[in-house]
Amino acid sequence: MDGTDELHPLILAAARGKLPTWASVGPSRRAHMSRVAGLMESWARDLDLAESDTARWRAAGFLHDVLRDAEPDRLRASAPPDFAQLSGPLLHGPVAAERLRGEGVADDELLLAVAYHTIGHPEMKLLGLSLFAADFLEPGRPDEDGWRRVLRERMPHDRGRVFREVAAARLVSTVEKGRMLRAESVGLWNRLLAEGFGGSAADPSVEENVRGRTTAPNMSPADSAPEARS
Ligand SMILES: [Fe+2]
Ligand SMILES: [Fe+2]
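Residues numbered from 1 in each chain as written. Chains lettered and ligands numbered in written order. Predicted model: local features only at pLDDT ≥ 70, side-chain atom pairs only at ≥ 80, totals over all residues.

1. Some words on the overall build of the protein
Point 1. If you tally the helices and strands in the protein, you get 13 helices and 0 strands.
Point 2. For the protein, the sequential pattern of α-helices and β-strands runs α-α-α-α-α-α-α-α-α-α-α-α-α.
Point 3. For the protein, with 230 residues in total, the buried portion stands at 37%.
Point 4. Considering only contacts in the protein between residues 6 or more positions apart, those separated by 24 or more positions represent 66%. (Helix = DSSP H or I, 4+ residues; strand = E, 2+ residues; numbered from the N terminus. Buried ≥ 20, exposed ≤ 12 C-beta atoms within 10 Å, placed from the backbone. Contact = placed C-beta atoms within 7 Å.)

Structure follows, in structure tokens:
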């Protein structure tokens, strides 16, 4: 008995790569989800988590984009009121979490991780922060200068600062597009600063790195779009 038998059947199935019947994903999306799940599993093993928690981390990797290829108008119709104004490409997380809850999944940590995997949330625990980073850093993303690879390599020993760099890059991208920031995204950033997470709040290295990234000439608009990172 390793505890996995106590997981919701839908979570257990997702940990094994089997998606719910209501999933809406094409082949390339499916491949992305599989890579995210692989990263999540390797990070869970770095942390020496129990088998049941490792399964939850893998499942989150597979489930975060389970509705990513659904029509935004359809998603908006079933979005929780707080999210109804989100741009189309960002709706899939909150709606997927709501759907999972409706199916009987009561794992609040996993549901928060799925709902906020693109936006970020100050109450995310390690699973949520890791999904937030894994979605952004998975090896299928464009990575001409190797920035993502370096962040992946730093994850086991410099986890907190990697979370900060990912959060900062997402915030800067949103600002550069002239889009509104969600309070939850700002709240996550403030929390990561307050916690130190591998460096002092005044440590300029994170901010310099992010500035360098967002102004890099080889960073295509598609690469910097939240849609490409969702
Ligand atoms: Fe996504
Ligand atoms: Fe994703």
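2. Structural notes on unusual backbone geometry
Point 1. Phi angles above zero are rare outside glycine, and aspartate 48 is one such case at about 60 degrees.
Point 2. Tracing the chain through its elements places aspartate 48 in the loop between α2 (27-46) and α3 (51-63).
Point 3. On the neighbour-count criterion, aspartate 48 (8 C-beta atoms within 10 Å) is exposed.

3. What about helix α7 (residues 126-137)?
Point 1. Across its 12 residues, α7 extends 16 Å between first and last C-alpha, which sits within 8% of the 16 Å expected from 1.5 Å per residue.
Point 2. Buried within α7 are the following residues: Leu127, Gly128, Leu129, Ser130, Leu131, Phe132, Ala133, Ala134, Asp135, Phe136 and Leu137. (Expected span 1.5 Å × (residues − 1).)

4. Considering the packing of α2 against α3
Helix packing geometry: the angle between the two helix axes and the distance between the axes.
Point 1. For the pair α2 and α3, the least separation of the axes is 7 Å and the interaxial angle reads 155 degrees. By the criterion of interaxial angle, the relationship of α2 to α3 is roughly antiparallel. Crossing of α2 against α3: the hand is right-handed. Residues Met33, Val36, Ala37, Leu39, Met40, Glu41, Ala44 and Arg45 of α2 form the contact with α3, whose participating residues are Asp53, Thr54, Trp57, Arg58, Ala60, Gly61 and Phe62.
Point 2. In terms of residue class, the contact of α2 with α3 is built from 9 nonpolar, 2 polar and 4 charged. (Axes fitted to C-alpha atoms, helices over the stretch in contact; angles between N-to-C directions. Parallel < 35°, antiparallel > 145°, perpendicular 65-115°, else oblique. Left-handed = near helix turned anticlockwise from the far one by under 90°. Nonpolar A, V, L, I, M, F, W, Y, C, P; charged D, E, K, R; others polar.)

5. Some details on the nonpolar core
Point 1. With 54 residues, the main nonpolar core has Met40, Ala60, Leu63, Val114 and Ala133 as its most contacted residues.
Point 2. Every element with two or more residues in this core is listed here: α1 (9-15), α2, α3, α5 (92-102), α6 (108-115), α7, α9 (159-176) and α10 (183-194).
Point 3. Top contributing element to this core by residue count: α7, with 8 residues.
Point 4. If we ignore the near neighbours within four places in the chain, the residues touching leucine 63 are Ala14, Ala96, Leu100 and Val114. (Core = buried A, V, L, I, M, F, W, Y, C linked by C-beta atoms within 7 Å.)

6. Thoughts on the packing of α9 against α10
Point 1. α10 packs onto α9 with a crossing angle of 145 degrees between their chain directions and a minimal axis gap of 10 Å. Every pair of crossing elements has a handedness; the one defined by α9 and α10 is left-handed. Along its contact with α9, which presents Phe163, Arg164, Ala167 and Leu171, the element α10 presents Ser185, Leu188, Trp189 and Leu192.
Point 2. Within the contact of α9 with α10, the residues separate by chemical class into 6 nonpolar, 1 polar and 1 charged.

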